[in-house]
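# An overview of the molecular structure
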Amino acid sequence: MADNIAKLQVPGQEPVELPIKSGTAGHDVVDISTLGKSGYFTFDPGFMATASCESEITYIDGANGILLHRGYPIDQLATQSSYLEVCYLLLNGELPSQSQMQEFKTLVTYHTMVHEQLAQFYRGFRRDAHPMAILCGVVGALSAFYHDSLDVNDEHHRGVAAIRLISKMPTLAAMAYKYNLGQPFVYPRNDLSFAGNFLNMMFSVPCEEYVVNPVIERAMDRIFILHADHEQNASTSTVRLAGSSGANPFACISAGVASLWGPAHGGANEACLNMLEEIGSVDRIPEFIARAKDKNDPFRLMGFGHRVYKNFDPRATVMRETCHEVLAELNIQDPLLDVAMELERIALSDEYFIDKKLYPNVDFYSGIIMKAIGIPTSMFTVIFALSRTVGWVSHWQEMLSQPGHKIGRPRQLYTGAPQRDYVPGNQR
Ligand code: SDX
């Protein structure tokens, strides 16, 4: 509902009147969808101040470190809920009853297997292929296997694609890890929890019984919850833009995997661990802090800073507690954690980071936990993608269910050559 009007004074014209819209929380927005009639577009590279859509799924208050999923604070969900229950919440808008939860869990459990023919796709990759490269490929390949529910304008078809993606991502992710190792793929097990099944597919071998450690199972589930969704981040916006053309849902999620891979986004957890290992010891931290401040040095402290959070990332707070729980449970004295803790202490007291509001983000601690669990650094973003699949499909469904949704097609400020005539090759 437009509450009031913004007036834009452009040269030589009467002021342009633009409706202002208010949401449940957060910034009001100026609806500029009719601005083009004035002969002007807006210009906002990186979408620093541009809302791309209306959404009911997640709300972030970056100044106050608030993250809500359908209104529920992330710290309450992370400590009291489960990943599958958060999946139900994100997809449906409400927490499930016990019978709804049981039905949803059964639905996901019985969709975790992948087509046997899909396993052949892995054989086309080198054994040392990055597992994110493999995941990009095999998630896209799912679009070649499911032709029975692809009318993206059909709510039931969208729901079937969503369940298939949420259920199969852990299987595909674990298969990428096993392929890297040269170990046999492990089939899903219906008697295990979502997190327990993933750990079993990752770490069990045919030669011996694998027993899921309940502390690690809980930590894994919490990592899944903390990465489930995060508003209109780069990868979610990628999925929305791809989906706006009516593209195959599996292909759209593959585009989201690709966008998440970047070190400025979901690839930061892998980059953060690589950075901690490069720093190596506490005494070398000042050298890297100086590099992070040097405008001529492209180096940045991976795991620090955020486009939206200009205060602490509430996920990092929960992740930090989980980090210490896991390391205590496994009795791990990880020198990298010493480096991480000292880096956090220095960065939070350094005026450069204070002035620029660069706090540790979710990726800073998740990498340390996953390393402690025995997950290789190259798999960190794969696990982020597995977790974020529910966020991607929830936004994809929301966009396609909104009446009058249009294909996304941004405009530009053209600064190229003015029109000119072709010059034949023998005259150049
Ligand atoms: C995720 O969007 C999401 O919600 C993402 C995510 C999700 O759940 O989907 O939360 C997941 O991607 C978390 C972020 C993970 N990325 C990293 O940890 C990589 C390191 N961080 C930076 O690359 C950076 O902070 C970004 C990309 C996260 C945010 O960058 P912005 O908002 O574009 O801000 P900016 O690059 O303009 O930086 C502002 C200033 C700059 O200095 P000035 O030009 O003003 O002098 O802060 C500096 C930057 O140089 N800066 C850093 C820094 N991050 C920003 N300096 C040193 N180290 C850093 N990490």
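Source: prediction; values computed, not measured.

Moving on: the overall build of the protein chain. When its secondary structure is counted, the protein chain shows 17 helices and six strands. Here the C-alpha radius of gyration of the protein chain, 23 Å, is about what a compact globule of 428 residues would show, namely 22 Å. C-alpha extents for the protein chain along the principal axes are approximately 80 × 65 × 60 Å. Expressed as a percentage of its 428 residues, the buried residues of the protein chain come to 48%. Sequence-distant contacts in the protein chain: of pairs separated by 6 or more residues, those separated by 24 or more amount to 70%. Put simply, the protein chain shows about 21,400 Å² of open surface, and 53% of that area lies on carbon and sulfur atoms. Between the mean site of the 35 positive side-chain charges and the mean site of the 47 negative ones, the protein chain shows a separation of 6 Å.

This next bit is on the pattern of salt bridges. Inspection of the entire model under this criterion finds 15 salt bridges. In this structure, the salt-bridge partner of D31 is K21, at a minimum N-O distance of 3.7 Å. You can see D31 sitting in the loop between β3 (29-30) and β4 (58-61) and its partner K21 sitting in strand β2 (residues 16-21), a full 10 residues away along the chain. D350 is paired through a salt bridge with K293; the nearest N and O atoms lie 2.6 Å apart. With D350 in the loop between α14 (335-349) and α15 (351-355) and K293 in helix α12 (residues 285-293), the pair connects residues that are 57 residues apart, well separated along the chain. When its relative accessible area of 32% is taken as the criterion, K293 is described as partly exposed. Here the salt bridges do not stand alone but share partners, grouping E278, R291 and D297 into one network.

Turning our attention to the site of the ligand. As a matter of local geometry, the ligand sits amid 24 residues, with H230, H306, R307, R315 and R388 nearest to it. In the environment of the ligand, an oxygen atom lies 2.5 Å from a nitrogen or oxygen atom belonging to the side chain of H230. Between the ligand and A264, the relevant distance is 3.0 Å, taken from a nitrogen atom to a main-chain nitrogen or oxygen of the residue. Its residues placed into classes, the shell around the ligand shows 10 nonpolar, seven polar and seven charged.

This part takes up the nonpolar core. Soluble globular proteins tend to bury their nonpolar side chains together. Grouped together as the largest cluster of nonpolar side chains are 122 residues, with contacts concentrated most on L135, L172, M220, L276 and L343. Sorting elements by how many residues they give to this core places helix α6 (residues 155-181) first, with 13 residues.

Our focus in this paragraph is the sheet that holds β4. Here we have three strands laid out as an open sheet, ordered β4-β5-β6, and antiparallel in their pairing. The sheet is open, and its two borders are formed by β4 and β6 (72-73), each paired with just one other strand.

So, about helix α2 (residues 83-92). Burial of α2 is extensive: eight of the 10 residues sit out of reach of the surface. All of the buried residues along α2 are Y83, L84, V86, C87, Y88, L89, L90 and L91.

Where burial is concerned, the two faces of β2 differ: the one with V16, L18 and I20 is buried and the one with E17, P19 and K21 is not. Where β2 and β3 come together, two bridges link them in antiparallel fashion. Within β3, the position partnered with I20 by the bridge is V30.

Turning to the domain arrangement of the protein chain, a few remarks are in order. For the protein chain, the assigned domains are domain 1 (2-51) and domain 2 (92-408). Here the C-alpha centroids of domain 1 and domain 2 sit 35 Å apart.

This part covers the environment of Y72. Relative to the elements of secondary structure, Y72 occurs in strand β6. Judged by its relative accessible area of 28%, Y72 is partly exposed. Along the sequence, Y72 and Y59 sit 13 residues apart, while their C-alpha atoms lie 9.6 Å from each other. Every residue in contact with Y72, bar those within four places of it in the chain, is listed here: L67, L77, L89, E94 and L95.

Turning our attention to the state of the cysteines. The tally for this structure, following the rule as stated, stands at zero disulfides. Residue C53 stays outside any disulfide, its sulfur separated by 15 Å from that of C252, the closest cysteine. The closest cysteine sulfur to the non-disulfide-bonded C252 is located on C136, 14 Å from its own sulfur.

A few words on helix α17 (residues 380-401). A turn of α-helix holds 3.6 residues, and therefore any two residues three or four places apart point the same way. With 22 residues, α17 ought to run about 32 Å at 1.5 Å a step, and its terminal C-alpha atoms sit 32 Å apart, in line with that. At R388, α17 shows its largest kink, close to 40 degrees. Counting buried positions over the 22 residues of α17 gives 21, a clear majority of the element.

Attention now goes to the packing of helix α13 (residues 314-329) against helix α16 (residues 362-373). Taken N-terminus to C-terminus, the directions of α13 and α16 make an angle of 20 degrees; their axes are 8 Å apart at the nearest point. Accordingly, the angle class assigned to the pair α13 and α16 is roughly parallel. Judged by the twist between their axes, the crossing of α13 over α16 is left-handed. Across the interface between the two elements, R315, A316, M319, R320, T322, C323, V326 and L327 from α13 touch V362, Y365, S366, I368, I369, A372 and I373 from α16. Residue classes in the contact of α13 with α16 are distributed as 11 nonpolar, two polar and two charged.

Now for the environment of T34. Mapped onto the secondary structure, T34 falls in the loop between β3 and β4. For T34, a relative accessible area of 37% puts it in the partly exposed group. As a C-alpha pair, T34 and P19 span 15 residues in sequence and 9.6 Å in three-dimensional space.

Pairing of β4 with strand β5 (residues 66-69), which is carried by four bridges, proceeds in the antiparallel orientation. Along β5, the bridge assignment pairs T58 with H69. Where β4 hands over to β5, the hairpin turn is made up of four residues, of which G65 adopts a positive phi near 60 degrees.

Conventions and cut-offs
- Residues numbered from 1 in each chain as written.
- Predicted model: local features only at pLDDT ≥ 70, side-chain atom pairs only at ≥ 80, totals over all residues.
- Heavy atoms only, no water.
- Helix = DSSP H or I, 4+ residues; strand = E, 2+ residues; numbered from the N terminus.
- Rg over C-alpha atoms; globule rule 2.2 N^0.38 Å.
- Buried < 20%, exposed > 50% of the residue type's maximum accessible area, 1.4 Å probe, protein only.
- Contact = heavy atoms within 4.5 Å.
- Areas by Shrake-Rupley, 256 points an atom, 1.4 Å probe, with all protein chains shown as cover.
- Lys, Arg positive; Asp, Glu negative; His and termini not counted.
- Charge placed at Lys NZ, Arg CZ, Asp CG, Glu CD.
- Salt bridge = Lys/Arg side-chain N within 4 Å of Asp/Glu carboxyl O.
- Near = heavy atom within 4 Å.
- Polar contact = N/O pair within 3.5 Å; in protein donor to acceptor, adjacent residues only side chain to side chain.
- Nonpolar A, V, L, I, M, F, W, Y, C, P; charged D, E, K, R; others polar.
- Core = buried A, V, L, I, M, F, W, Y, C linked by side-chain atoms within 4.5 Å.
- Pairing = 2+ DSSP bridges.
- Domains from an automatic or database assignment.
- Disulfide = S-S within 2.5 Å.
- Expected span 1.5 Å × (residues − 1).
- Bend = angle between axes of the 7 residues up to and from the residue.
- Axes fitted to C-alpha atoms, helices over the stretch in contact; angles between N-to-C directions.
- Parallel < 35°, antiparallel > 145°, perpendicular 65-115°, else oblique.
- Left-handed = near helix turned anticlockwise from the far one by under 90°.

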